[in-house]
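Examining the three-dimensional arrangement
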Amino acid sequence: SLGSSRKCFKADQPPKPPCRPGFSESFYTVFVSRDLLRGQSILKGKHCGCGVKFDDCQHSKAVDFESSDPNFSVHPDGSVYAEQEVANLSEPVQFMVTARGGHDPHIWETTVKLALAGHPPSVPPNVHEAWDSNPRVIKFPRKHQRSSSANGLRRQKRDWVIPPINVPENSRGPFPQMLVRIRSDQDLEKGIRYSITGAGADQPPIDVYNIDPVHGKMFVTRPLDREERASYHLRAHAVDMNGNKVESPIDLYIYVIDMNDNRPEFQNQVYNGSVAEGSKPGTLVMQVTANDSDDDTTANGMVRYRILSQTPHMPIPNMFTINSETGDIFTVAAGLDREKVSQYTIIVQATDMEGNLNFGLSNTATALISVTDINDNPPELTARTFSGEVPENRVSVVVANLTVIDRDQPHSPNWAAQYRIASGDPQGHFLIRTNPVNNDGMVTVVKPVDYEQNRAFMLTVIVSNKAPLASGIQSSLQSSAGVTISVQDVNEPPVFPSNPKSIRFEEGVPGGTTLTVFAAQDPDLFIHQTVRYSKLSDPANWLRINRTNGQITTMAVLDRESMYVRNNIYEATFLAADNGSPPASGTGTLQIHLIDVNDNAPVLLPKEAQVCERASPRSRVNITASDADADPHVGPFVFELPSYPPSVRRNWTASRISGDYAQLRLRIPYLDAGVYDVPIIVSDSGNPPLSNRSIIKVKVCPCDDNGDCTTTGAVAAAGLGTGAIIAILICIIILLTMVLVFVMWMKRREKERQAKPLLIDPEDDVRDNILKYDEEGGGEEDQDYDLSQLQQPEALDHIICKPPGVRRVDERPVIAESQYPVRPSLPHPGDIGDFINDGLRAADNDPTAPPYDSLLVFDYEGSGSTAGSVSSLNSSSSGDQDYDYLNDWGPRFKKLADLYGGGDDD
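These numbers come from a predicted model, not from an experiment. (Residues numbered from 1 in each chain as written. Predicted model: local features only at pLDDT ≥ 70, side-chain atom pairs only at ≥ 80, totals over all residues. Heavy atoms only, no water.)

Let us look at the sheet that holds strand β19 (residues 231–240). An order of β14-β20-β19-β16 is seen for the 4 strands of this open sheet, with the pairing classed as mixed. Edge strands, defined here as strands with exactly one partner in the open sheet, are β14 (165–168) and β16 (192–198). The average undirected angle you get between the axes of adjacent strands in this sheet is 30°. Relative to strand β20 (residues 245–257), β14 runs parallel, the two sharing 4 bridges. Bridge pairing in β20 links Asn166 to Tyr255. (Pairing = 2+ DSSP bridges. Helix = DSSP H or I, 4+ residues; strand = E, 2+ residues; numbered from the N terminus. Axes fitted to C-alpha atoms, helices over the stretch in contact; angles between N-to-C directions.)

Given below as structure tokens:
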């Protein structure tokens with residue numbers, strides 16, 4: 001049957017490589033029975049596992065398959081079926097299957113070859129056909145026609161399917177190398193010209209293949225690389241000499257046979273992985289991956305992995321193994337211990353040809369495996385007991401240092417220690433802090449200790465890690481220890497039992513009154529000491545304290561209304577000091593709550609007021625009173641006018657508004673403008689009540705329609721007469737006139753300054769100007785003067801005896817020098833220009849001043865020099881020397897030439 005005779009050759013699947021779209025095979029070979037029935041399945045698809053498999057890497061179901069042979073069809077699942085009955089299959093049948101994705105314009109192709117069962121195929125399963133050194137001859141198929149029995153239509157017989165051409169990559173030639181020969185049966189009847197088209201011929205890459213147009217021989221022109229292009233699809237054409245098509249084009253499929261010419265390449269040269277210490281065998285550590293550019297459907301691209309070496313060889317040389325196909329590295333033995341080996345170095349080798357070391361190519365990479373820490377080592381204290389001491393009443397001091405050893409990774413949660421006081425400190429006097437640098441425990445006092453209550457503490461300390469111990473790890477016996485802390489006695493200051501101490505007294509207590517006894521206690525019970533008292537702070541200096549017993553008495557009257565009393569409380573601070581070594585002292589505060597008594601009379605408010613001269617609703621003043629005492633010694637107040645002088649009650653009246661307010665107003669219809677002192681008696685509600693006679697100054701003035709006091713009226717009310725007002729106005733006018741005169745004078749001075757000429761001529765101003773100086777001279781010709789004139793003459797008679805008016809311009813005249821003007825010590829700024837001009841005129845008329853371009857006469861140094869003559873120096877050279885060349889050096893060396901080049905005359 002067909003099912004028993006059909007065989008599907010496919011290699012075992014290698015580890016799944018990265019997805020690449022296309023057919024799983026580039027060439028399928030299927031053995032079938034001699035007779036194929038219509039509708040029979042030749043290659044089953046997905047369910048068989050050996051059908052035409054195609055993957056577009058997008059998991060798309062919209063893939064269209066097409067067969068180049070109409071006798072065979074391909075279903076969407078990749079199954080190949082016979083569309084017609086094929087009887088007496090004596091020769092193999094080969095056809096192309098193309099696939100086109102739904103969203104991808106790219107077209108993929110594969111070849112299906114049907115061979116008769118019982119005969120070996122021409123191409124081994126899953127191995128490309130070996131390249132035949134004897135080229136084949138490919139003929140253009142003939143079109144056979146026959147009549148139809150029904151209507152005379154002529155049916156064309158199907159074309160032949162040309163088998164693919166297999167060419168190995170990296171061929172050494174020689175090139176061009178003939179592949180096949182194309183010929184037409186009509187080449188005997190007419191001249192035929194052959195050509196090929198497609199990628200590799202007239203399309204990029206161009207000229208990989210060419211064809212002899214006359215004989216139809218097709219050549220490959222250079223070595224092929226399958227990794228660049230795995231297949232070529234060309235079309236062969238045959239035309240006559242006129243370019244007319246003689247044959248229908250035929251498809252030529254050229255497959256590049258893969259050679260093992262690429263080594264596996266690791267994605268990284270160094271891989272980093274980690275595994276926890278104590279991991280069980282079989283634990284996945286990491287994965288290494290190597291890619292081979294060769295065909296992964298053949299042994300050339302099938303990579304296998306193995307471990308070459310492990311460093312170090314502890315605890316055994318083979319702690320790890322690797323999956324030869326996937327590259328996964330696993331642990332193979334127990335005993336990983338970070339404290340012994342923290343890192344392993346693994347050399348991994350990848351070999352293609354399925355790991356065949358004889359034929360495969362290899363490459364290596366390094367895998368660094370770090371052993372991560374787990375908390376498998378509990379912390380251990382270095383001693384069973386620790387000790388320390390602390391002075392009493394001291395806090396934030398370290399009294400003991402606990403050292404611990406932990407072999408886990410430093411500065412990790414598995415290493416960091418935590419200390420806990422299990423017993424011995426019920427009141428929480430101590431706290432153990434961890435030193436983050438060395439993991440030591442610092443026993444610190446956080447609550448003062450008292451020697452009189454506890455002379456020593458016995459603590460039990462337990463140490464643990466921040467991270468819990470690993471499963472199966474027990475705490476060590478050395479994780480706990482005892483800590484003995486001794487308390488040192490120190491001299492403590494005396495303590496006031498009640499601090500602050502409050503007492504109550506009425507104000508007005510006279511001096512010498514005993515208020516209380518403010519005594520302190522010495523907490524040093526085992527030492528007998530004497531306490532002495534002194535006053536530390538007494539703002540009002542009201543109190544005195546007995547030095548021996550702390551009795552407090554008054555030195556002055558206590559006044560609740562004093563500025564030193566706050567909220568009826570007066571505070572004083574006292575010092576208690578013992579005679580210990582060293583002495584200690586403590587302070588205590590005494591608070592005296594002063595009870596108010598009615599000792600302050602009320603005071604009238606306001607002190608001044610203003611009313612209109614005519615009786616009206618605005619001729620009234622609201623008055624009240626202020627009392628320094630406290631309730632009930634304040635309001636309600638009683639306001640009344642005294643009976644003397646009589647004019648007070650005749651002109652004014654006071655009426656009560658409320659308990660604290662009253663109203664003062666005119667009793668008569670009109671009162672002259674002026675200032676009136678109105679006495680008012682104010683009484684408080686104390687027991688007994690206190691009264692006070694106060695004066696309020698009331699300004700009476702004429703008012704306008706709105707009831708406001710006018711300006712003239714206000715002045716008149718202030719007591720100024722008409723003469724005083726006129727005098728004030730005259731003074732204001734005189735002051736304004738003086739200011740105006742001063743301003744005019746200042747403006748005139750400014751104009752005079754601006755009219756003054758500049759101190760120098762603008763043309764002589766050297767700022768921002770280019771000055772042209774006189775030239776120094778004309779060179780050597782201008783220096784021919786008599787040097788003897790530079791000598792100081794022995795006498796001045798020849799100068800003095802010269803007739804007047806005859807004088808050399810290069811000699812200083814022997815006459816009195818010109819007198820230059822002397823600038824005053826404090827010149828006026830306006831006279832600076834005049835001073836400079838006077839000096840300029842004096843300099844121009846000075847006969848002793850030399851001209852600008854003249855020979856100046858310098859003083860003669862004298863002939864009595866202690867230094868010898870230069871001519872006395874003898875030449876150190878011996879023998880004759882020719883100095884005539886000095887004559888050629890110019891006039892400057894002429895004198896030297898005369899002195900040294902004289903010859904026999906010298």
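After that view of the structure, there is still more to cover.
Moving residue by residue along a regular strand, the side chains alternate between the two faces of the sheet. Relative to strand β53 (residues 691–701), strand β47 (residues 608–612) is paired through 5 bridges, and the arrangement is parallel. Bridged to Ala609 within β53 is Val698. In this structure, strand β52 (residues 674–683) lies alongside β53, joined through 10 bridges in antiparallel fashion. Along β53, the bridge assignment pairs Pro679 with Ile695.

Scanning the model with the defined rule gives 2 disulfides in all. Here Cys612 engages in a disulfide with Cys703; their sulfurs sit 1.9 Å apart. The sign of the -105° torsion about the S-S bond sets the Cys612-Cys703 disulfide as left-handed. Taken together, the residues span a long stretch of sequence, with Cys612 in strand β47 and Cys703 in the loop between β53 and α3 (711–718) at a distance of 91 residues. Given the relative accessible area of 7%, Cys612 is considered buried. Disulfide pairing is shown between Cys701 and Cys709; the S-S distance is 1.7 Å. When its relative accessible area of 1% is taken as the criterion, Cys701 is described as buried. Accessibility expressed as a relative area gives 23% for Cys709, which makes it partly exposed. (Disulfide = S-S within 2.5 Å. Buried < 20%, exposed > 50% of the residue type's maximum accessible area, 1.4 Å probe, protein only.)

On to the sheet that holds strand β34 (residues 417–423). Taken in spatial order, the 4 strands make up an open sheet running β31-β38-β37-β34, and their pairing is mixed. The open sheet has two edge strands with one neighbour each: β31 (385–391) and β34. Ignoring which end each strand starts from, the neighbouring axes of this sheet average 30° apart.

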